[in-house]
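Coordinate analysis (summary)
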Amino acid sequence: MLDKIKNLLDELNGFSATTLEEIEQFRIKHLSKKGSIASLFADFKTVPNEEKKAVGQALNELKTVAMDKVNALKESFTGAEFGKSGLDLTLSGDPVKLGSRHPLSLVRNEITEIFARLGFTISEGPEIEDDWHNFSALNFPEEHPARDMQDTFFIEKNPDVILRTHTSSVQVHDLQEMELPIRCLTPGRVFRNEAISARAHCIFHQIEALYVDEKVSFADLKQTLTYFAKEFFGEKTEIRLRPSYFPFTEPSAEVDVTCSLCGGKGCNVCKGTGWLEILGCGMVDPNVLELNGIDSKKYSGFALGMGIERITMLKYGIKDLRLFFENDIRFLEQFTAAGF
Ligand code: DAH
């Protein structure tokens, strides 16, 4: 009997397996009810009394060795299996990927925050407009080229219905609907019938600011522009006003800032001039105030409007406007806002 046990012990110790199936067969062969160890236990009663103690101990030890062997094999085996499948339950989970804000939204938010510090609140208007809000009430003469079909998307059945060509149309809503004084900021989408290229698109975004109160002067406009330019482009930024023409402002100006890339020395981006054009502005034309029922003798105001795409391209050095609309994740994920 002891010899049998010894032989079996050697067999058990020498066993190794390459599949889970082999381990299971090994377990059935030795540890099941009809297995080799159970049959040795069954033979135990035939063992002479004087050997019972030694044989009993050897049998118990054999069973323990067999059970440990099965467990150890299973453990090492399953570990290796998991390794193969790449599954490690101790690893932490995949982080959830955070989205990022669209660069146009980042810049729009930054601009609105700067103006909010000056007391401007947001107002929004419709993207589908009529001729009155987009042109007539803003003092556009009938024959003004901006009314030309080249620029404006008209609705065929009713040429009075158009897609707004600028956010200045919201000035008309605000002048008519808001209580004075008005100090509001209008971000929004605008539409022009233009060929799509690296520099132009048929859909783009503008931000308009309008301030109307008693005794608003050109100095207020200039100070607002200076504050905005320094906050947005940096403390060292300077502004320059060039006389210009817009039907709804008088006098009108275009505003340049010193090129933030070369600091005004002249580079590729500013085409060697040291200056970058960023927006149009002016004192609200008294005609516009009167057309919208506001007494131009008592009230005056300033307005300004800028293209968000242009400002964003300047800020991030983006060369092609079409990137804003393609929604290529490789482009979009490069932009993150502080605190987002
Ligand atoms: N609406 C003008 C445009 O789309 C931009 C503009 C210029 C807005 C002067 C203004 C302004 O409010 O005062 O080109």
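In the annotation of an unreviewed UniProt entry, the protein is listed under the name Phenylalanine--tRNA ligase alpha subunit and assigned to Marinifilum breve. Recorded under Sequence similarities (unreviewed entry), the UniProt text for the protein is reproduced unchanged: "Belongs to the class-II aminoacyl-tRNA synthetase family. Phe-tRNA synthetase alpha subunit type 1 subfamily."

1. Describing the sheet that holds strand E8 (residues 249-258)
Read from one edge to the other, the open sheet built from seven strands follows the order E1-E5-E6-E10-E9-E8-E7, with strand pairing classed as mixed. Of all strands in the sheet, those with a lone pairing partner are strand E1 (121-122) and strand E7 (239-246), marking the two edges. Relative to E8, E7 runs antiparallel, the two being bridged by seven bridges. For leucine 241, the partnering residue across the bridge sits in E8 and is valine 255.

2. Digging into the site of the ligand
Neighbouring the ligand are 15 residues; His166, Ser168, Arg192, Gln206 and Glu208 lie closest to it. Within the side chain of glutamine 171, a nitrogen or oxygen atom sits 3.3 Å from an oxygen atom of the ligand. Interatomic distance of 2.8 Å between a side-chain N/O atom of arginine 192 and an oxygen atom of the ligand. Taking 360 Å² as the accessible area of the ligand by itself, protein coverage stands at 88%. Broken down by secondary-structure element, the contributors of at least two residues to the shell around the ligand are strand E6 (203-214), strand E9 (275-284) and strand E10 (299-307). Looking at the shell around the ligand, its residues break down into five nonpolar, eight polar and two charged.

3. Concerning the domain arrangement of the protein
The domains assigned to the protein are domain 1 (2-84) and domain 2 (103-339). The distance between the C-alpha centroids of domain 1 and domain 2 comes to 86 Å.

4. Observations concerning the environment of aspartate 130
Along the chain, the position of aspartate 130 falls in strand E2 (residues 128-130). In this structure aspartate 130 comes out as partly exposed when scored by relative accessible area, which is 24%. Measuring from C-alpha to C-alpha, the distance between aspartate 130 and alanine 219 comes to 33 Å, with 89 residues separating the pair along the chain. Those residues in contact with aspartate 130 that sit more than four places away from it in its chain are Asp160 and Ile162.

Quick notes on the rules
- Residues numbered from 1 in each chain as written.
- Predicted model: local features only at pLDDT ≥ 70, side-chain atom pairs only at ≥ 80, totals over all residues.
- Heavy atoms only, no water.
- UniProt positions renumbered as here; feature names shortened; annotations may be inferred.
- Pairing = 2+ DSSP bridges.
- Helix = DSSP H or I, 4+ residues; strand = E, 2+ residues; numbered from the N terminus.
- Near = heavy atom within 4 Å.
- Polar contact = N/O pair within 3.5 Å; in protein donor to acceptor, adjacent residues only side chain to side chain.
- Areas by Shrake-Rupley, 256 points an atom, 1.4 Å probe, with all protein chains shown as cover.
- Nonpolar A, V, L, I, M, F, W, Y, C, P; charged D, E, K, R; others polar.
- Domains from an automatic or database assignment.
- Buried < 20%, exposed > 50% of the residue type's maximum accessible area, 1.4 Å probe, protein only.
- Contact = heavy atoms within 4.5 Å.

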